[in-house]
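Single-letter residue listing:
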Amino acid sequence: MWETSMKGLLSLVRRTTPSSFTYLCEKMGSSLNDKMDELACFAPGMLALGSSGYSPDEAQKFLSLAEELAWTCYNFYQSTPTKLAGENYFFNDGQDMSVGTSWNILRPETVESLFYLWRLTGNKTYQEWGWNIFQAFEKNSRVESGYVGLKDVNTGVKDNMMQSFFLAETLKYLYLLFSPSSVIPLDEWVFNTEAHPIKIVTRNDRAVSSGRSGGSQELDRQSRTRKEGRFRIHH
């Protein structure tokens, strides 16, 4: 199912002129629109995680695509006067990207992907990008009682609402972006789409808990690995 989905996703990949930003088209029926939502910026993290199941060459191809898309999503933020992303972007020849719907409601998708890419590559660039986004939230969205969205990322005019996912997802991923990899290690926990960590239970874990023999040494090895915060990519 994953490989079939990836074939479909690769058919949506386009690059802008003149700066060659990589983006994902929006497919409506049989037609493709040169539009990408900030909501789609979860894709870099998804691709980075999924790359671990491939051979080394294929894994690198998907990881590179993840990094290219993350650069585009980061520039959704950097391309506006407030340094906060609009809801969606259009890509016209010779224009790279332009804001479509111009509000920002504190969405988490870009920083989610930055978190995964930081954990999987160790590249501190992703921390720098995340810090820049956080500072933009602090500058434009912070109010006395919390944070609010923007009605327009070009003018900085505020709305009067803090979405619940800002605490549950956006700030959580920003926090984890600057935490050691031993904090919710990715070989022990999986995040669902709303950023809730779900414990991974392996076959060996189940075997030990049900009283079977043979899994204890492997479980001990896993426990040591988890405490050390390592995350292994298998090819």
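The structure this text deals with has already been given above.
Summarised in this report is the structure supplied together with it. Numbering of residues starts from 1 in each chain and follows the order in which that chain's sequence is written. Local features are withheld for residues below a pLDDT of 70 in this predicted model, meaning they are given only at 70 or higher, and side-chain atom pairs are given and counted only at 80 or more; totals for whole chains, interfaces and linings count all residues. Side-chain measures here rest on the full set of heavy atoms in the structure, leaving out hydrogens and waters.

1. As for the overall build of the chain
Secondary structure is summarised from DSSP: a helix means a run of H or I of at least four residues, a strand means a run of E of at least two, and numbering begins at the N terminus for each. Helix and strand counts for the chain stand at eight helices and 11 strands. For the chain, the proportion of its 235 residues judged to be buried stands at 45%. By definition, residues are in contact when any of their heavy atoms lie within 4.5 Å. When contacts within the chain are restricted to residue pairs at least 6 apart in sequence, long-range pairs at least 24 apart make up 58% of them. Exposure was quantified through the Shrake-Rupley algorithm and a 1.4 Å probe, taking into account, for residues, occlusion by the shown protein chains and nothing else. Working note: accessible area of the chain is about 12,400 Å², and carbon and sulfur atoms make up 52% of it. Only protein chains enter the accessibility calculation, which uses a 1.4 Å probe. A residue is then buried if its area is under 20% of the maximum for its type, exposed if over 50%, and partly exposed in between.

2. A word on the packing of aromatic side chains
Two rings belonging to Phe, Tyr or Trp (six-membered ring only in the last case) form a pair when the distance between their centres is within 6.5 Å. Interplanar angles under 30 degrees mark stacking, angles over 60 mark edge-to-face geometry, and anything in between is tilted. For the structure on display, the rule yields 18 aromatic pairs. Arranged with centres 3.9 Å apart and planes meeting at 10°, the rings of Tyr-23 and Phe-91 form a pair that is stacked. Here the residue Tyr-23 occupies a position in strand S2 (residues 22-24), and Phe-91 occupies one in the loop between strand S6 (88-90) and strand S7 (98-99), the gap between them amounting to 68 residues. Between Tyr-54 and Phe-62 the ring centres are 4.6 Å apart and the planes differ by 20°, which places this aromatic pair in the stacked class. Through a chain of ring-to-ring contacts, three or more aromatic side chains come together here, namely Phe-21, Trp-71, Tyr-74, Tyr-126 and Trp-129. Only when the NZ of Lys or the CZ of Arg is both within 6 Å of the ring centre and within 35 degrees of the ring normal is a charge said to sit over the ring. The side chain of Lys-199 reaches across the aromatic face of Trp-189, ending 5.8 Å from its centre.

3. Regarding helix H6 (residues 164-177)
What a helix should span is 1.5 Å times the count of its residues minus one. The end-to-end C-alpha distance of H6, which contains 14 residues, comes to 20 Å, matching closely the 20 Å that a straight helix rising 1.5 Å per residue would cover. A bend of about 30° at Leu-171 is the largest found in H6. Buried residues of H6: Phe-165, Phe-166, Glu-169, Thr-170, Tyr-173, Leu-174, Leu-176 and Leu-177, and no others. Buried residues along H6 sit against helix H4 (109-121), helix H5 (125-140), strand S9 (146-147) and strand S10 (189-191). To obtain the bend at a residue, axes are fitted to the seven residues ending there and to the seven starting there, and the angle between these axes is taken.

4. Quick notes on the pattern of salt bridges
Between Lys or Arg on one side and Asp or Glu on the other, a salt bridge is scored when a side-chain nitrogen of the former is within 4 Å of a carboxyl oxygen of the latter. As enumerated under the stated definition, the model contains seven salt bridges in all. Linking Glu-26 and Lys-35 is a salt bridge whose minimum nitrogen-to-oxygen distance equals 2.9 Å. As a salt-bridge pair, Lys-61 and Glu-58 come within 3.4 Å of each other at their nearest N and O atoms. Of the two residues, Lys-61 and Glu-58 are both situated in helix H3 (residues 56-78); the distance of three residues between them amounts to about one turn of the helix.

5. Remarks on the state of the cysteines
In plain terms, two cysteine sulfur atoms within 2.5 Å form what is called a disulfide here. The tally for this structure, following the rule as stated, stands at one disulfide. Each sulfur in the disulfide pair Cys-41 and Cys-73 lies 2.0 Å from the other. Measuring handedness by torsion sign, the sulfur bridge of Cys-41 and Cys-73 sits at about -95° and is left-handed. Taken together, the residues Cys-41 in the loop between strand S5 (35-37) and helix H2 (43-50) and Cys-73 in helix H3 connect sequence positions 32 residues apart. When its relative accessible area of 0% is taken as the criterion, Cys-41 is described as buried.

6. Description of the sheet that holds S5
Across a sheet, paired strands are connected by hydrogen bonds in the backbone, their directions being either parallel or antiparallel. DSSP bridges decide pairing: two strands pair if at least two such bridges lie between them. With antiparallel pairing, the three strands of this open sheet are ordered in space as S5-S6-S7. The open sheet is flanked by S5 and S7, the only strands paired with a single partner. In the sheet, S6 pairs with S7 via two bridges, with the strands oriented antiparallel. Across the sheet, the residue bridging to Tyr-89 is Val-99, located in S7.

7. A short note on the environment of Phe-91
Overall, the relative accessible area of 4% leaves Phe-91 in the buried class. Along the backbone, Phe-91 and Thr-17 are 74 residues apart, and their C-alpha atoms lie at a distance of 8.7 Å. With sequence-adjacent residues up to four places away left out, Phe-91 is seen in contact with Thr-16, Tyr-23, Asp-34, Lys-35, Met-36, Phe-76, Asp-96 and Met-97.

8. With respect to the packing of H2 against H3
Where helices are involved, their axes are fitted lines through C-alpha atoms of the stretch in contact, as for all axes, and angles between N-to-C directions lie from 0 to 180°. Across the interface, H2 lies against H3 with an axial gap of 8 Å and an inter-helix angle of 165°. Overall, the two elements H2 and H3 adopt an arrangement that is roughly antiparallel. Of the two elements, H2 crosses H3, and the hand of that crossing is left-handed. Two secondary-structure elements touch here, H2 through Pro-44, Leu-47 and Ala-48 and H3 through Phe-62, Leu-63, Leu-65, Ala-66, Leu-69 and Ala-70. Note on terminology: angles under 35 degrees are roughly parallel, angles over 145 are roughly antiparallel, angles of 65 to 115 are roughly perpendicular, and the others are oblique. Left-handed describes a crossing whose near helix is turned anticlockwise from the far helix through less than a right angle; right-handed describes the clockwise counterpart.

In short, the description is geometric, and any link to function would need to be established separately.
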